[in-house]
Amino acid sequence: LDLSFSKVKLYDTCPRCYFVEHVLKLRDPGSSAQLVGTAVHEALHRFYLQWREADAEGGATPTLDDLQRLARDLFLQAWPGDQEIDHNQLLQIRSQLDRFWAQHHSDELHIAELERDVRIRWEVDGATHAVRVKLDRVDLTPSGERIIDYKTGYPKSELIDVKKTDLQMGLYMLALREPARGH
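Starting from 1, residues in each chain are numbered consecutively following that chain's sequence as written. Selection of residues for local features in this predicted model requires a pLDDT of at least 70, selection of side-chain atom pairs for listing and counting requires 80 or more, and totals for whole chains, interfaces and linings are taken over all residues. With hydrogens and water stripped out, all remaining heavy atoms of the structure feed into the side-chain values.

**Some words on the overall build of the protein**
Secondary structure elements follow DSSP: runs of H or I no shorter than four residues count as helices, runs of E no shorter than two count as strands, and numbering proceeds from the N terminus. When you go through the protein residue by residue, the secondary structure sums to 7 helices and 4 strands. Along the chain direction, N to C, the helices and strands of the protein fall in the order β-α-α-α-α-α-β-β-β-α-α. Summarising its shape, the C-alpha atoms of the protein cover approximately 55 × 50 × 30 Å along the three principal directions. A 1.4 Å probe rolled over the protein chains alone gives each residue an accessible area, and that area as a share of the maximum for its type sets the label: buried under 20%, exposed over 50%, partly exposed in between. Split into buried and exposed, the 183 residues of the protein put 33% on the buried side. Contacts are residue-level and defined by heavy atoms, with any inter-residue pair within 4.5 Å sufficient. Long-range pairs, those at least 24 residues apart, make up 60% of the contacts in the protein between residues at least 6 apart in sequence.

Below you can see the structure in the form of structure tokens.
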């Protein structure tokens, strides 16, 4: 099996939904909420690529306004052309990014990795399976590594005091133990 946290969670929540999506390969056409999430995630990824490059070269780093503009543009590019733009979704993007900036951004941050893709081997009953873990961003801090997940936005304390039942955080911790392979 080739698994991920989202596949395991979907199966645990609704085995029939897993079957429809991953066995029958039938996909949900999407919603405006998914467009918001995708635009925010992609904007954060592109923004921090720019940030890391500017920081490494000693140049001016992009600003919150740059991040907001990037997310807005990505959302508008993905919005269906035959529908009137939902301005509440644009306000939601702005609000999410403002909150993210306040909680997870610092001008002194040191980004170690972006979009780290790790495969963890998992053996069950003599069969080896792969669990794919994607770390959106890994920062280096004076106290160690900090994982930033653009979807959940878990604060740093969740990484220090992980609940035994939190599968996603457990997989993240295992992924940090794996050596980095190309970016």
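We are not done yet, so read on.
**Quick word on the packing of helix 3 (residues 32-57) against helix 4 (residues 64-78)**
Two elements in contact, helix 3 and helix 4, have axes separated by 8 Å at closest approach and are oriented at 135 degrees. Between helix 3 and helix 4, the angle falls in the class oblique. Remark: the crossing between helix 3 and helix 4 carries right-handed chirality. Between helix 3 and helix 4, the residues in contact are Ser32, Leu35, Val36, Ala39, Glu42, Ala43, Leu44, Arg46 and Phe47 and Asp66, Leu67, Leu70, Ala71, Leu74, Phe75 and Ala78, respectively. For the contact of helix 3 with helix 4, the per-class residue count stands at 12 nonpolar, 1 polar and 3 charged. In this analysis an axis means a line fitted to C-alpha atoms, helices contributing only their contacting stretch, and an angle means the value between N-to-C directions, from 0 to 180 degrees. Each angle receives one of four descriptions, namely roughly parallel if under 35 degrees, roughly antiparallel if over 145, roughly perpendicular if within 65 to 115, and oblique otherwise. For any helix crossing, the convention is left-handed if the near helix is rotated counterclockwise from the far helix by under a right angle, and right-handed if that rotation is clockwise. Throughout, the ten residues Ala, Val, Leu, Ile, Met, Phe, Trp, Tyr, Cys and Pro are labelled nonpolar, Asp, Glu, Lys and Arg are labelled charged, and all others, Gly among them, are labelled polar.

**Overview of the confidence of the model for the protein**
With 90% of its residues at a pLDDT of at least 70, the protein reaches an overall mean of 85. Here pLDDT means the predictor's own confidence in every residue, given as a number from 0 to 100. Averaged over each element, pLDDT in the protein is lowest for helix 6 (residues 156-160) (54) and highest for helix 4 (96).

**Overview of the pairing of strand 3 (residues 127-141)**
Where strand 1 (residues 2-4) meets strand 3, 3 bridges bridge the pair, whose relative direction is parallel. Considered in strand 3, the bridge of Leu3 is made with Val131. A pair of strands counts as paired when DSSP detects no fewer than two bridges linking them. Where strand 2 (residues 110-124) folds back onto strand 3 in an antiparallel hairpin, the turn is made up of 2 residues, including Asp125, whose phi is positive at roughly 50 degrees. Bridge count between strand 3 and strand 4 (residues 144-148): 5 bridges; the pairing is antiparallel. Residue pairing in the sheet places Arg137 in a bridge with Ile148 of strand 4. Hairpin connection from strand 3 to strand 4: 2 residues lie between these consecutive antiparallel strands.

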